[in-house]
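Residue-level listing of the chains:
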Amino acid sequence: MIISKFRKLTLSLLLFLLSTATLMASETSKYQSSITAYNSRFIAIEKSITSELAILKSAITSKDLDVQLVSESILTTLYLRKKDIKKAKKAIENAKELLTKVKDIEAQAFYYYALWKFQNFIDDINYQASLLKSFQLFEKTDNYYFATINAVYLSYLPEKVDERLMKKALKFAALSKNNDAYLEAYLCKSSYLNEKYLEEKTKKNKKIAISCYLKTLEFSKNKNVLNISNVATANLNYANFLVSINEKSDKIFLYLNEVIFLSRKYNIMATYRNSYGIKGLILSNEGELNEAEKNFQEGIAYLDKMPFRDDETKLTFYNNLKEISLKKQDYKKYADYDSECLKLANSIKESQENVMIHKAIAKYELQSKDEKITLLSKENKLMMWLGITSLLVLLISILLYFYHYKLNKTKQLLVEETKTKLKKEKEQVQKELMNSILHIEKKNEILTNLKEKLTSLQVLNSTPSNTAILKIIDDGILVDDDFEKFKDNFNIVYPEFFQKLQDKAQNSLTQLDLKYCGFMLMKLSNKEIASQMNVEPKSIRMARYRIKQKLQLTKEDDLDSFIQSIS
């Protein structure tokens, strides 16, 4: 009877173990080794990379392309965690080459998972399409853990948490039976409920949010949780919520101290920065300025012990210390903290410039590689059309060349003809002008001689008729009228010439001066001008000297050249 019972118990135990093994086998992915190595990144990143490289080496030896693709994809995310963009870029490029040879959907899902993380890191807006693709492929292959992670990230894309995607994440987390997946999903849910509470601060919304936060913290305490960053985030988020509902600082510090402990132990910079920041601000607001200062100084001291630099966090802490020193009116400390801020700001600027350059190069090379693959696939057709297009372009270019050559030649001839015509017209007007001037001068000369003779006769025999004749002669020798006619004719050929002279001479030139200048512009010699004006050549030389002075020209300046230059 006892033996019978023992046999039944043994059989039941055996059946249970078999069913458990079957269930575990069905839930274990072909890529479980890579996933395990990936999950260990939260505790020891270097060990995680070493394990993944060993898996990749083994897959290359066995020519397992599926595992190679997954391994290269996971290595991409591990290198990104270390901010080693060069190695990450190399890994994602290797994965891209393998993608075309791999048919397994789950392996492809890992590639798109790595791709969206890489694109997001280098600020490529296309990462959203890759994230969606990864989510769809993981969902199709029932990889609920990674489907949960992707659903969470997708839910955070809009300004507010997407409720539909958040519920999907909770569903996949339950199906995965993975504690990290549960924690990811509940962090998302608590954020969603926090948003609802902030929109409508009712007791009911507050109670629901607190309940969710506490459940999230419960998941975070599970020993099987590997993502310590999420554990720290769970505590930090709840501390933040407690601040928003004006909870007592002692209770808030309980959770913040846990965040600080985890952040220090596992070098989690995001939660480290925020936890010290919140704690310091609470102390500062409560008037505990010395404690607040001590808090930020402690934060800076631990930063210096970290295995890598985080100048952004250090700058934030020093800025907080500056505010505290102002409140304490300790201006010496303020100056010291400000000096540290300036050093850190310069260091951050230089570092950010380098990172931006590396990101830009990576983005360009990634896009360039995609374009190159597309171009290579269409090379034959493009070459053929390129040849035909080149011939057509060459033919059109030759035709256009001859057309433009002929057009330019015609234009050139037309311009030359126009210039010749204008030159002839100008010469004709100049000739007419000269004739007009000579005619006026000759007329004046004759009238003057006539007047002299009549005047001598008037002395001998004065009669009313002689007086009338003399008046007519005087009217005919009106210099002003002659000059005005001369000026009007001259302006037809040389517009604004006289105005430019007067501007230069500040309106000091007489009508006679202007007349001399007009003769000089027409290139008459001193002798010719003297003959026309019925004066001695010496008078013309004196007039030239006087005009030169009025135009404010130096001894070295040539009057004729100046006259020609302003025409």
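Fair warning: this is a prediction, and the values are worked out from it, not measured in the lab. (Residues numbered from 1 in each chain as written. Predicted model: local features only at pLDDT ≥ 70, side-chain atom pairs only at ≥ 80, totals over all residues. Heavy atoms only, no water.)

1. Observations regarding the overall build of the protein
What the protein contains, in helices and strands, is 25 helices and zero strands. A burial count over the protein gives 38% of its 567 residues as buried. Nonlocal contacts in the protein, meaning residues at least 24 apart in sequence, comprise 62% of its contacts between residues at least 6 apart. As displayed, the protein has an accessible area near 34,900 Å², and 57% of this comes from carbon and sulfur atoms. (Helix = DSSP H or I, 4+ residues; strand = E, 2+ residues; numbered from the N terminus. Buried < 20%, exposed > 50% of the residue type's maximum accessible area, 1.4 Å probe, protein only. Contact = heavy atoms within 4.5 Å. Areas by Shrake-Rupley, 256 points an atom, 1.4 Å probe, with all protein chains shown as cover.)

2. Quick word on unusual backbone geometry
Phi at asparagine 267 is positive, roughly 55 degrees, even though this residue is not glycine. Mapping asparagine 267 onto the fold places it in the loop between helix H13 (249-266) and helix H14 (269-285). If you check the backbone angles, lysine 523 has positive phi at about 65 degrees while not being a glycine. Inspection of the secondary structure assignment puts lysine 523 in the loop between helix H22 (511-521) and helix H23 (526-533).

3. Here's the deal with H23
Residues of H23 that are buried: Ile529, Ala530 and Met533. On an axial view of H23, the arc spanned by its buried residues comes to 100 degrees, and they lie on one face. Of the residues in H23, the exposed ones pointing more than 90 degrees away from the buried face are Lys527 and Ser531. Asparagine 534 sits one or two residues past H23 and shows a positive phi near 60 degrees. (Arc of directions from axis to C-beta.)

4. As for the pattern of salt bridges
Once their charged atoms are close, side chains differing in charge can pair, the charge on each being opposite to the other. Counted according to the given criterion, the structure contains 17 salt bridges. Ionic pairing is found between lysine 168 and glutamate 139, a salt bridge with its closest N-O pair at 3.3 Å. Taken together, the residues span a long stretch of sequence, with lysine 168 in helix H9 (residues 163-176) and glutamate 139 in helix H7 (residues 127-140) at a distance of 29 residues. Its relative accessible area of 27% is what places lysine 168 among the partly exposed residues. Aspartate 304 is the salt-bridge partner of lysine 314, the closest N and O atoms lying 2.5 Å from each other. Here the residue lysine 314 occupies a position in helix H16 (residues 311-327), and aspartate 304 occupies one in helix H15 (residues 289-305), the gap between them amounting to ten residues. Among the ionic contacts, a cluster of salt bridges with common partners joins Glu293, Lys328 and Lys333. (Salt bridge = Lys/Arg side-chain N within 4 Å of Asp/Glu carboxyl O.)

5. Some points on a negative patch on the surface
A surface patch of negative charge is lined by Asp250, Glu286, Glu288 and Glu291. Structurally, glutamate 291 can be placed in helix H15. (Patch = residues over 30% accessible without salt bridge, like charges linked within 9 Å, V, L, I, M, F, W, Y side chains within 5 Å. Lys, Arg positive; Asp, Glu negative; His and termini not counted. Charge placed at Lys NZ, Arg CZ, Asp CG, Glu CD.)

6. Regarding helix H6 (residues 105-121)
Taking 1.5 Å per residue as the helical rise, H6 with its 17 residues ought to reach 24 Å, and the 24 Å between its terminal C-alpha atoms agrees with that figure. Across the 17 residues of H6, 13 count as buried, placing the element largely inside the fold. For H6, the N-terminal cap is aspartate 104; the gap from its side-chain oxygen to the backbone nitrogen of glutamate 106 is 3.4 Å. Two residues or fewer past H6, aspartate 123 is found with a positive phi of approximately 65 degrees. (Expected span 1.5 Å × (residues − 1). Polar contact = N/O pair within 3.5 Å; in protein donor to acceptor, adjacent residues only side chain to side chain.)

7. Here we look at the packing of aromatic side chains
For the structure on display, the rule yields 28 aromatic pairs. Taken together, a centroid distance of 5.1 Å and an interplanar angle of 75 degrees make the contact between tyrosine 145 and phenylalanine 146 edge-to-face. Residue classification places phenylalanine 146 among the buried positions, given a relative accessible area of 1%. A connected cluster of aromatic rings, assembled from ring pairs, spans Tyr31, Tyr38, Phe110, Tyr113, Trp116, Tyr127, Phe138, Tyr145, Phe146 and Tyr153. Here the basic side chain of arginine 264 rests over the ring of tyrosine 302, its NZ or CZ set 3.4 Å away from the ring centre. Lying across the ring of phenylalanine 253, lysine 279 places its NZ or CZ 5.6 Å from the centre. (Phe/Tyr/Trp six-rings, centres within 6.5 Å; stacked < 30°, edge-to-face > 60°. Lys NZ or Arg CZ within 6 Å of the ring centre and 35° of its normal.)

8. Structural notes on the environment of tyrosine 38
With respect to the helices and strands, tyrosine 38 occurs in helix H2 (residues 32-39). Considered as a pair, tyrosine 38 and isoleucine 49 are eleven residues apart in the sequence and their alpha carbons are 8.0 Å apart. Beyond its immediate sequence surroundings of up to four residues, tyrosine 38 is in contact with Ser48, Glu52, Ile74, Thr77, Leu78, Tyr113, Lys117 and Phe146. Looking at tyrosine 38, its side chain comes within polar contact range of the side chain of tyrosine 113, at 2.6 Å.

9. Here's the deal with the packing of H2 against helix H4 (residues 65-81)
Interhelical geometry of H2 versus H4 gives an angle of 5 degrees and a closest axis separation of 10 Å. Taken together, the axes of H2 and H4 lie roughly parallel to each other. The residues of H4 that touch H2, namely those facing Ser34, Ile35 and Tyr38, are Val70, Ser71, Ile74, Thr77 and Leu78. (Axes fitted to C-alpha atoms, helices over the stretch in contact; angles between N-to-C directions. Parallel < 35°, antiparallel > 145°, perpendicular 65-115°, else oblique.)

10. Looking at the state of the cysteines
Going through the model one piece at a time under the given rule, you end up with zero disulfides. Not part of a disulfide, cysteine 188 finds its nearest cysteine sulfur in cysteine 212, a span of 9.5 Å. For cysteine 188, a relative accessible area of 0% gives the class buried. (Disulfide = S-S within 2.5 Å.)

11. Details of the packing of helix H3 (residues 45-61) against H4
A pair of packed helices can be characterised by two numbers: the angle between their axes and the separation between those axes. Closest axis-to-axis distance for the H3/H4 pair is 9 Å, and the angle between their directions is 160 degrees. Taken together, the axes of H3 and H4 are roughly antiparallel relative to one another. H3 and H4 meet at a crossing whose hand is left-handed. Contacts between H3 and H4 involve Ile45, Ser48, Ile49, Glu52, Leu53, Ile55, Leu56, Ala59 and Ile60 on the former and, on the latter, Val67, Gln68, Ser71, Glu72, Ile74, Leu75, Leu78, Tyr79 and Arg81. When the residues that make up the contact of H3 with H4 are grouped by side-chain class, the tally is twelve nonpolar, three polar and three charged. (Left-handed = near helix turned anticlockwise from the far one by under 90°. Nonpolar A, V, L, I, M, F, W, Y, C, P; charged D, E, K, R; others polar.)

12. With respect to the confidence of the model for the protein
Summarising the model, the protein shows a mean pLDDT of 82, and 81% of its residues fall at 70 or more. Scored below 50 in pLDDT, residues 1-27 shows one contact in the model against residues more than four places distant or in partner chains. (pLDDT = per-residue confidence, 0-100.)

13. Remarks on a nonpolar patch on the surface
On the surface, a cluster of nonpolar side chains totalling about 610 Å² of accessible area is made up of Met384, Trp385, Ile388, Leu392, Ile396 and Leu400. Turning to its location among the elements, leucine 392 is positioned in helix H18 (residues 379-460).

14. Some remarks on the nonpolar core
If you look at the biggest cluster of nonpolar residues, it comprises 107 residues, and the most contacted ones within it are Leu69, Phe110 and Phe146. With sequence-adjacent residues up to four places away left out, phenylalanine 146 is seen in contact with Ile35, Tyr38, Phe110, Tyr113 and Phe138. One finds Phe498, Leu524, Leu551 and Ile566 within the second-largest nonpolar core, a separate group that totals 28 residues. (Core = buried A, V, L, I, M, F, W, Y, C linked by side-chain atoms within 4.5 Å.)

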